[in-house]
Amino acid sequence: MPHTPTVAARGPINRPAPLRQAVYDALTELIINGSLKPGQHLVEAELAENLGVSRQPIREALQRLHTAGWVDLRPAQGAFVHSPTAEECAQLLSVRAVLETHSARGAAQHATSDDVARLWELQQTGLTALAADDARAIVEANAALHGHITHLSRNAVLAELIPQVDRRVRWYYMPIAKPRGKDAWSEHAQLIEAIADGDPDRAEELMRRHTRNTTDFYCKQIAALAGPSV
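Residues numbered from 1 in each chain as written. Predicted model: local features only at pLDDT ≥ 70, side-chain atom pairs only at ≥ 80, totals over all residues. Heavy atoms only, no water.

Undergrad: Is there a simple way to think about the overall build of the chain in this case?
TA: Helix and strand counts for the chain come out as nine helices and three strands. Going residue by residue from the N terminus, the α and β elements of the chain occur as α-β-α-α-β-β-α-α-α-α-α-α. Here the C-alpha atoms of the chain give a radius of gyration of 19 Å, agreeing with the 17 Å that 2.2 N^0.38 yields for 230 residues. Seen along its three principal axes, the alpha-carbon backbone of the chain occupies a region of about 55 × 50 × 35 Å. (Helix = DSSP H or I, 4+ residues; strand = E, 2+ residues; numbered from the N terminus. Rg over C-alpha atoms; globule rule 2.2 N^0.38 Å.)

Here it is in structure tokens:
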């Protein structure tokens, strides 16, 4: 049975939050950031020891994670981190694309020079993470940049809806953050330029192309890992 890697690096969870929720959030984040990998067997005793809790909240969290689609429960085998399919990714990222094209359009209509300067700062953070070959930092920088574009859209509905898909986007993006990175951040630069120019049509089209490229890249990787169909 493979040992659960790197979980201990997180350390015991903070107690002020309700324990059940804290355990659930901790395990979700470990899945998103790749510490717990798709297909990995989740051993209650190991998770409990590494998070500094009893097995009961771990068991409850795994049930919730199963309901939310993060974990698969297999009879007589236990819990395993869910392995996203190409179809799941395509569905989620198609929804994200619809939302984020609206965000890009709104950002181009409303962004000030200070807002654009902040976008370039976030762009540089991403390029620094890319140069360091740090997948987690790339994913966080990507989320921060996209999140700020949503903020600049001045659209409260988008600001409420997009975070609901953001965690899964981060999860899906982790395996492709480095191989897709150079192209993705070049696309970000073009998008920022369109926002700076106050060109909503171009910003919208660039975001649509950017999200489509990410979806296509991910789906091709999933297909390659699956191998030829029999």
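Undergrad: Is there a simple way to explain the pairing of strand β2 (residues 71–74) in this structure?
TA: Here β2 runs beside strand β3 (residues 78–81); their pairing, made up of four bridges, is antiparallel. The residue bridging L73 from the neighbouring strand is A79, located in β3. Here β2 hands over to β3 after three residues, with A76 in that stretch at a positive phi of 65°. (Pairing = 2+ DSSP bridges.)

Undergrad: Hey, could you run me through the nonpolar core in this one?
TA: Inside soluble globular proteins, nonpolar side chains tend to come together where they are buried. Ranked by size, the top nonpolar core spans 57 residues in total, and within it L27, I58 and L62 carry the most contacts. Excluding residues that lie within four positions of it along the chain, L62 makes contacts with L27, L42, E44, L47, V71 and A79. (Core = buried A, V, L, I, M, F, W, Y, C linked by side-chain atoms within 4.5 Å. Buried < 20%, exposed > 50% of the residue type's maximum accessible area, 1.4 Å probe, protein only. Contact = heavy atoms within 4.5 Å.)

Undergrad: Help me understand helix α2 (residues 44–51) in this model?
TA: Since there are 3.6 residues in each turn of an α-helix, residues three or four apart along the chain are aligned in direction. Burial analysis of α2 places six of its eight residues in the buried class, which makes it a mostly covered element. If you check which residues of α2 are buried, you get E44, E46, L47, A48, N50 and L51. Here the buried face of α2 lies against α1 (19–32), β1 (41–42) and α3 (55–68).

Undergrad: Explain the pattern of salt bridges here, please?
TA: Two side chains bearing opposite charge may form a pair once their charged atoms approach each other closely. Scanning the entire structure with this criterion turns up 14 salt bridges. One salt bridge in this structure joins R170 and E29, with 2.7 Å as the shortest N-O distance. Residue R170 is located in helix α7 (residues 156–173), and its partner E29 is located in helix α1; the two are separated by 141 residues in the primary sequence. Under the relative-accessibility criterion, R170 is labelled buried at 10%. A salt bridge links R96 to E100, with the shortest nitrogen-to-oxygen separation between them at 3.3 Å. Here E100 and R96 lie together in helix α4 (residues 86–110), a separation of four residues that amounts to about one turn. We note that R96, like E100, is buried. (Salt bridge = Lys/Arg side-chain N within 4 Å of Asp/Glu carboxyl O.)

Undergrad: Help me understand the pairing of β3 in this model?
TA: In regular strands, side chains alternate between the two faces of the sheet. Bridge analysis of β1 against β3 gives two bridges, and the strand direction is antiparallel. Residue pairing across strands places H41 opposite F80, the latter belonging to β3.

Undergrad: What is the right way to read unusual backbone geometry from this model?
TA: The phi angle of most residues is negative, glycine excepted, and most peptide bonds adopt the trans form. Phi angles above zero are rare outside glycine, and D133 is one such case at about 60°. For D133, the location among the structural elements is in the loop between α5 (113–131) and α6 (135–152). Despite not being glycine, R154 has its phi angle at roughly 60°, a positive value. Classification of R154 as partly exposed rests on a relative accessible area of 45%.

Undergrad: Just checking my understanding: could you explain the packing of aromatic side chains for this structure?
TA: For any pair of aromatic rings, geometry is given as the distance between the ring centres together with the angle between the planes. A full pass over the atoms with the stated rule returns three aromatic pairs. When the centroid spacing of 4.8 Å and the interplanar angle of 45° are considered together, the rings of W70 and W171 count as tilted. With a gap of 101 residues between them, W70 in the loop between α3 and β2 and W171 in helix α7 connect regions that are remote in the sequence. Pair check on accessibility: W70 and W171 agree, each one buried. (Phe/Tyr/Trp six-rings, centres within 6.5 Å; stacked < 30°, edge-to-face > 60°.)

Undergrad: I keep staring at the sheet that holds β1 and nothing clicks. Help me out?
TA: Adjacent strands of a sheet form backbone hydrogen bonds with each other and so pair up, either parallel or antiparallel. Taken together, the three strands give an open sheet; going across it, the order is β1-β3-β2, and neighbouring strands pair in antiparallel fashion. The strands lining the two open edges of the sheet, one partner per strand, are β1 and β2.

Undergrad: Where do I start with the side chain of H188 in this structure?
TA: Looking at where H188 falls in the secondary structure, it is placed in helix α8 (residues 181–196). With relative accessibility at 1%, the residue H188 sits in the buried group. Among residues more than four places away in sequence, those in contact with H188 are Q123, N142, L145, H146 and H210.

Undergrad: Looking at this model, I keep getting lost on the packing of α6 against α7. Mind explaining?
TA: Each pair of packed helices can be described by the angle between their axes along with the distance between the axes. Two elements in contact, α6 and α7, have axes whose closest approach is 11 Å; the angle formed by their N-to-C orientations is 165°. Comparing their axes, α7 and α6 come out roughly antiparallel. Relative to α7, α6 is oriented so that their crossing is right-handed. Contacts between α6 and α7 pair I138, V139, E140, N142, A143 and T150 from the former with L158, A159, I162, D166, R170 and Y173 from the latter. Here the contact of α6 with α7 is composed, by residue class, of seven nonpolar, two polar and three charged. (Axes fitted to C-alpha atoms, helices over the stretch in contact; angles between N-to-C directions. Parallel < 35°, antiparallel > 145°, perpendicular 65-115°, else oblique. Left-handed = near helix turned anticlockwise from the far one by under 90°. Nonpolar A, V, L, I, M, F, W, Y, C, P; charged D, E, K, R; others polar.)

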